[in-house]
Amino acid sequence: MDYLDQLEAEAIYILREVAGQFDRPALLFSGGKDSICLVHLALKAFRPGKFPFPLVHVDTGHNFQEVLNYRDQIVSEIGEKLIIRKVEDTIIQRNLQDGKGKFPSRNVLQTYTLLDVIEEFEFDACIGGARRDEEKARAKERIFSVRDEFGQWDPKKQRPEIWDIYNGRVDKGENVRVFPISNWTELDVWNYIKREKIELPSIYFTHKRDCLITENGQLMNINQFIQLDENDTIVTRNVRYRTVGDMTCTAAVESVASSVDEIIDEITETKISERGATRMDDRASEAAMEDRKKNGYF
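Note that the structure is predicted; figures quoted are calculated from it, not measured. (Residues numbered from 1 in each chain as written. Predicted model: local features only at pLDDT ≥ 70, side-chain atom pairs only at ≥ 80, totals over all residues. Heavy atoms only, no water.)

A. The arrangement of the overall build of the protein in detail. Scanning the protein from terminus to terminus reveals nine helices and 10 strands. Expressed as lengths along the three principal axes of its C-alpha atoms, the size of the protein is roughly 55 × 50 × 35 Å. In the protein, 74% of the contacts between residues at least 6 apart in sequence involve partners at least 24 apart. Summed over all atoms, the accessible surface of the protein reaches about 14,000 Å², with 49% contributed by carbon and sulfur. (Helix = DSSP H or I, 4+ residues; strand = E, 2+ residues; numbered from the N terminus. Contact = heavy atoms within 4.5 Å. Areas by Shrake-Rupley, 256 points an atom, 1.4 Å probe, with all protein chains shown as cover.)

B. Geometry of the nonpolar core. Counting 60 residues, the largest nonpolar core has Phe-29, Leu-41, Phe-144 and Trp-190 as its most contacted members. It is helix α2 (residues 33–46) that provides the largest number of residues to this core, a total of eight residues. Shared between two domains, this core takes at least three residues from each, and those domains are domain 1 (3–187 + 287–294) and domain 2 (202–283). What Leu-41 contacts, discounting residues up to four positions off in sequence, is Glu-8, Ala-11, Ile-12, Leu-15, Ile-181, Trp-184 and Tyr-192. (Core = buried A, V, L, I, M, F, W, Y, C linked by side-chain atoms within 4.5 Å. Buried < 20%, exposed > 50% of the residue type's maximum accessible area, 1.4 Å probe, protein only. Domains from an automatic or database assignment.)

C. Structural detail: α2. Taking 1.5 Å of rise per residue, 14 residues should cover 20 Å, and α2 covers 20 Å from first to last C-alpha, within 8% of that figure. Within α2, 12 of the 14 residues are buried, leaving the element largely enclosed by the surrounding structure. Of the residues making up α2, those classed as buried are Lys-33, Asp-34, Ser-35, Ile-36, Cys-37, Leu-38, Val-39, His-40, Leu-41, Ala-42, Ala-45 and Phe-46. (Expected span 1.5 Å × (residues − 1).)

D. Quick look at the pattern of salt bridges. A complete count under the given rule lists 23 salt bridges for this structure. Glu-120 is the partner of Arg-85 in a salt bridge, and the nearest nitrogen-oxygen pair spans 2.8 Å. With a gap of 35 residues between them, Arg-85 in strand β3 (residues 82–86) and Glu-120 in helix α5 (residues 109–121) connect regions that are remote in the sequence. Residues joined by salt bridges that share partners form a network here, namely Asp-2, Asp-5, Glu-8, Lys-44, Arg-195 and Glu-196. (Salt bridge = Lys/Arg side-chain N within 4 Å of Asp/Glu carboxyl O.)

E. Region of the structure containing the packing of helix α6 (residues 186–196) against helix α7 (residues 260–269). Their axes nearest at 10 Å, the elements α6 and α7 cross at an angle of 165°. In this view, α6 runs roughly antiparallel relative to α7, as classed from their interaxial angle. For the pair α6 and α7, the sense of crossing is left-handed. Together, Glu-186, Leu-187, Trp-190, Asn-191, Ile-193 and Lys-194 of α6 and Val-260, Asp-261, Ile-263, Ile-264, Ile-267 and Thr-268 of α7 make up the contact between the two elements. Among the residues making up the contact of α6 with α7, the classes are represented as seven nonpolar, two polar and three charged. (Axes fitted to C-alpha atoms, helices over the stretch in contact; angles between N-to-C directions. Parallel < 35°, antiparallel > 145°, perpendicular 65-115°, else oblique. Left-handed = near helix turned anticlockwise from the far one by under 90°. Nonpolar A, V, L, I, M, F, W, Y, C, P; charged D, E, K, R; others polar.)

F. Expanded view of the domain arrangement of the protein. Annotation of the protein at the domain level lists domain 1 (3–187 + 287–294) and domain 2 (202–283). The C-alpha centroid of domain 2 is placed 24 Å from the C-alpha centroid of domain 1. Taken together, the contacts link 26 residues of domain 1 with 34 residues of domain 2. Carbon and sulfur atoms make up 55% of the surface buried where domain 1 meets domain 2, a total of about 2,400 Å² over both sides. In terms of surface lost to domain 2, no three residues of domain 1 exceed Phe-64, Lys-102 and Phe-103, which account for 30% of the buried area on that side. At the junction of domain 1 with domain 2, the criterion picks out four salt bridges. Counting residues per element, the ones that place at least two in the side of domain 1 that touches domain 2 are α3 (65–78), α6 and α9 (288–294). With three residues, α9 is the single largest residue contributor to the side of domain 1 that touches domain 2. A class-by-class count of the residues in the side of domain 1 that touches domain 2 yields seven nonpolar, eight polar and 11 charged. (Buried area = accessible area lost by both parts, 1.4 Å probe.)

G. The sheet that holds strand β2 (residues 55–59), seen in detail. As summarised here, the arrangement of the six strands in space is β3-β2-β1-β4-β6-β5, forming an open sheet in which the pairing is mixed. At either margin of the open sheet sits one strand with a lone partner, and together these are β3 and β5 (144–147). Geometrically, the sheet is characterised by an average inter-axis angle of 30° between neighbouring strands, direction not taken into account. Here strand β1 (residues 25–28) pairs with β2 via two bridges, running parallel. Residue pairing for β2: Leu-27 is matched across the bridge by Leu-55. Docked against the sheet, α3 engages β2 and β3, running at close to 165° with respect to β2. On the sheet, α5 packs against β1, β2, β3, β4 (125–127) and β6 (175–178) and is oriented at approximately 135° with respect to β3. (Pairing = 2+ DSSP bridges.)

Structure below.
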């Protein structure tokens, strides 16, 4: 077995552990490359049978249309159940304050929607595509990451995972976030995509896009949600996206990479993580991600 075979086997083993240990699991599917790989792994783990869990998408209303189109396409192709819950509805139901400012992100608000959908369907496990190399708070996660009855995460109360033994026991109201590709890197994901010939949304490859240059030098796409003013510098560049989040908090990177091989070459040379290079919400503070995770963010 090469290293991709080993990573694949581990992820499939984890997915089958979820199916065996939990009564009501779900797979969180954003249409991004990591969750796309999870769906591909689930097909290998459970076909020719059906998935033992639905796919769940928390739609912030600020998603890239290319990603939404891909989401609907792949769900139609594999014939699995997709549950969509919208942050817009949560804002109305809970009388929440929508995001403000130049880049009005809904990342904090989507936590409420996620916790609501977990409660609605009584999910006891939620599978996600987070990886340890994305961000330092995620490096603290276990494969089975326990959340309390309020959906909160305490890094000091996580269970040891020795010899690939995963403890999925939870009390009523608690749930476990499961990360089958936690031991993968961004480069591993792209090498796996190459080997398995996995199709991706076009947004991951080079294309021309009108962008706003931020004060930090990031290239933010022009869309109906951000607040432009007369002093903004607008440019048209060849860009692609390393990670896919909301349009209001995810920056593009300049690139002429039009194939998976060219993207792999780019990633091999870069010294900045994908979230560090492109996610404005992670720059809010040194502990921005950890604070959101403690409150129920994935």
